[in-house]
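Residue-level listing of the chains:
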Amino acid sequence: MIVVTGATGNVGRPLLEALLAKGEDVTAVSRGEAELPPGVAHRVADLAKPDTLDAAFAGADKLFLLTRDHQLDIAPVLEAAEAAGIGRVVLLSSERAATRPSPEVQAYDNALTSSGLEWTILRPGGFASNALLWSEPIRQGRSMTAPFGDVGLPLIDPRDIAEVAAAVLTEDGHSSRIYMLSGPELMSPRGQAAAIGAAIGEPVAFTEQTREEAYEQFLAFWPAEIVEGSLEVMGNPSAAEQRISPEVERLLGRPATTFAAWAERNAAAFR
């Protein structure tokens, strides 16, 4: 059985679907009730409360670990996984663990690699789905504001991350591997506006923000430390952060999804 944490998000939900399509026995873990695809078992638990994890992990042999709690100590989570008989853990990390390393950014990766469990780490760059932050102004006024309008990054479709995770969880040969994941092209905010406009059949006007304006806007969605790091990558990416990784295509046997294709699939959010 495979336990999936973060199961209701942009990566977790398509991961559940991908694992079901492979015929896997899947259990989703969340802190509260959740709407899940048919065939997925559900257990209520909180990663920050290790005493809730014994029942959540019971009977599992693999774990997909995703948490947005950047203050969480995952050592007790990994201990609970090992005690339950889980032998393989796949961690959703961030490219910044490699491109902008710090003790805080690398904490989860280091805890897992030193745990004694079989592990694989996925380090994606920016998500295409972050464009949903602009869904309301695009719906209301066919306009979008963002900083660093012409700086391109290889944004990745979260569904690609999910399919990579499903492959890593169900196939051999991925032990002690770290995979840097990206989309297939550099896409700027101005380019995102154009692609969304094409997807909905109406032009989307683009206005460039200052860094300060963007900081205040993003604080409504992310903690301050995430906002700072994200803006630094968006405005001053390193060569590694603009590198187009071949890993999605190599692992899945198909090209990574373009931002335009992501926008077409999610056009209803912007109409």
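Look a little higher up for the structure.
Residues numbered from 1 in each chain as written. Predicted model: local features only at pLDDT ≥ 70, side-chain atom pairs only at ≥ 80, totals over all residues. Heavy atoms only, no water.

Asks: Any chance you could explain the overall build of the protein chain here in plain terms?
Replies: For the protein chain, the helix and strand inventory stands at twelve helices and nine strands. Over its C-alpha atoms the protein chain spans a radius of gyration of 19 Å, differing by no more than 12% from the 18 Å that the globule rule assigns to 271 residues. Projecting the C-alpha coordinates of the protein chain onto the three principal axes gives extents of approximately 55 × 40 × 35 Å. In the protein chain, which comprises 271 residues, the proportion classed as buried is 48%. Nonlocal contacts in the protein chain, meaning residues at least 24 apart in sequence, comprise 74% of its contacts between residues at least 6 apart. Looking at the protein chain, you have 22 positive and 37 negative side-chain charges, and the mean spots of the two groups are 4 Å apart. (Helix = DSSP H or I, 4+ residues; strand = E, 2+ residues; numbered from the N terminus. Rg over C-alpha atoms; globule rule 2.2 N^0.38 Å. Buried < 20%, exposed > 50% of the residue type's maximum accessible area, 1.4 Å probe, protein only. Contact = heavy atoms within 4.5 Å. Lys, Arg positive; Asp, Glu negative; His and termini not counted. Charge placed at Lys NZ, Arg CZ, Asp CG, Glu CD.)

Asks: What should I look at first to understand the nonpolar core in this one?
Replies: One recurring pattern in soluble globular proteins: nonpolar side chains tend to sit buried together. Counting 31 residues, the largest nonpolar core has V4, L15, F64 and L122 as the members making the most contacts within it. Going through the elements one at a time, β1 (2–5), α1 (12–21), β2 (26–30), β5 (88–92), α7 (158–170), β8 (177–181) and α11 (247–252) are the ones with two or more residues in this core. Ignoring anything within four residues of it in the chain, the contact list for V4 reads G12, L15, L16, L19, V26, T27, A28, V29 and F64. A128, A195, I196 and F270 belong to the second largest nonpolar core, which has 30 residues in total. (Core = buried A, V, L, I, M, F, W, Y, C linked by side-chain atoms within 4.5 Å.)

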